[in-house]
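Single-letter residue listing:
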Amino acid sequence: MSEQAAGRHADDLAAEADVTPLRLTSRALIGGTLIEVAGEVDAATAANLTACIERGHPDAGLPLVLDMSGVSFMDSSGLHVLVQQYHRQDEHGTGLYLAAPHERVRRILKLTGVDQILHTYSALDQALLAADVIDPTPRSAA
């Protein structure tokens, strides 16, 4: 292997090391579902978010709260998932509620105008209240 090829391989590995993997956790709430999203939502991970929503929130007739506080990056693929889910929820007369999105995520929502249709809240408790759902296992204060 040439030095140039070896150098490219090392650069590729370094670039991969900088990627934040997507972590998803789904919890049933009284009256809806909470999915905690952390990491990067992009072309490589958007399908994972869609699959988690489909498995963790099979009843679109109930509100869905996405805790976005752990999302460090989102591109148009992630935005597409949110818009699709918004339409799915809207067709069933319920809502999609985004909790605590990072400034970078809020910016893409604003630039695309999606902030005009999505319910977005600065804190998880605000989103849960707006969705009219109850977390039966609230997190303890540290």
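Residues take numbers from 1 onward in each chain, read along the sequence in its written order. This being a predicted model, a pLDDT of at least 70 is required before a residue's local features are given, and a value of 80 or more before pairs of side-chain atoms are given or counted; all residues contribute to the totals for chains, interfaces and linings. By convention in this description, side-chain values take in all heavy atoms of the structure and omit both hydrogens and water.

1. Observations concerning the environment of Ala60
Here comes step 1: Working definition: helices are DSSP H or I runs of at least four residues, strands are E runs of at least two. Numbering for both runs from the N terminus. Mapped onto the elements, Ala60 comes out in the loop between helix 2 (46–56) and strand 3 (64–74).
Here comes step 2: Contact definition: two residues touch when any of their heavy atoms are within 4.5 Å. Apart from residues no more than four positions distant in its own chain, Ala60 is found in contact with Arg88, Gln89, His92 and Thr94.

2. A closer look at the pairing of strand 1 (residues 23–29)
Here comes step 1: Note that strand 1 and strand 2 (residues 32–41) share 7 bridges and pair antiparallel. Bridge pairing in strand 2 links Ser26 to Ile35.
Here comes step 2: Two strands qualify as a pair provided DSSP detects at least 2 bridges between them. Hairpin geometry of strand 1 and strand 2 is characterised by an intervening segment of 2 residues between the two adjacent antiparallel strands and by a positive phi of about 95 degrees at Gly31.

3. A look at unusual backbone geometry
Note: most peptide bonds trans; most residues except glycine with negative phi.
Here comes step 1: Unusually for a residue other than glycine, Ala100 sits at a positive phi of about 55 degrees.
Here comes step 2: Counting through the fold element by element, Ala100 comes out in the loop between strand 4 (96–99) and helix 4 (103–112).
Here comes step 3: Whether a residue is buried, partly exposed or exposed follows from its accessible area with a 1.4 Å probe, protein chains only, as a fraction of its type maximum: under 20%, in between, or over 50%, in that order. We classify Ala100 as buried; its relative accessible area is 18%.
Here comes step 4: The phi torsion at Asp132 lies on the positive side, around 60 degrees, for a residue other than glycine.
Here comes step 5: Along the chain, the position of Asp132 falls in the segment after helix 5 (124–131).
Here comes step 6: By relative accessible area, Asp132 is classed as exposed at 66%.

4. Description of the pattern of salt bridges
Here comes step 1: The salt bridge definition used is simple: a Lys or Arg side-chain nitrogen within 4 Å of an Asp or Glu carboxyl oxygen. Taken as a whole, this structure holds 3 salt bridges when the rule is applied.
Here comes step 2: Across the pair Arg27 and Glu36 runs a salt bridge whose closest N-O atoms are separated by 3.5 Å.
Here comes step 3: Two residues, Arg106 and Glu103, come together in a salt bridge whose shortest N-O distance is 2.4 Å. Note that Arg106 and Glu103 are positioned in helix 4 at a spacing of 3 residues, about one turn of the helix.
Here comes step 4: Residue class for Arg106 comes out partly exposed when judged on its relative accessible area of 39%.
Here comes step 5: Residues joined in a network through salt bridges with shared partners are Arg27, Glu36 and Asp135.

Functional significance is not addressed by these values, which are geometric in nature.
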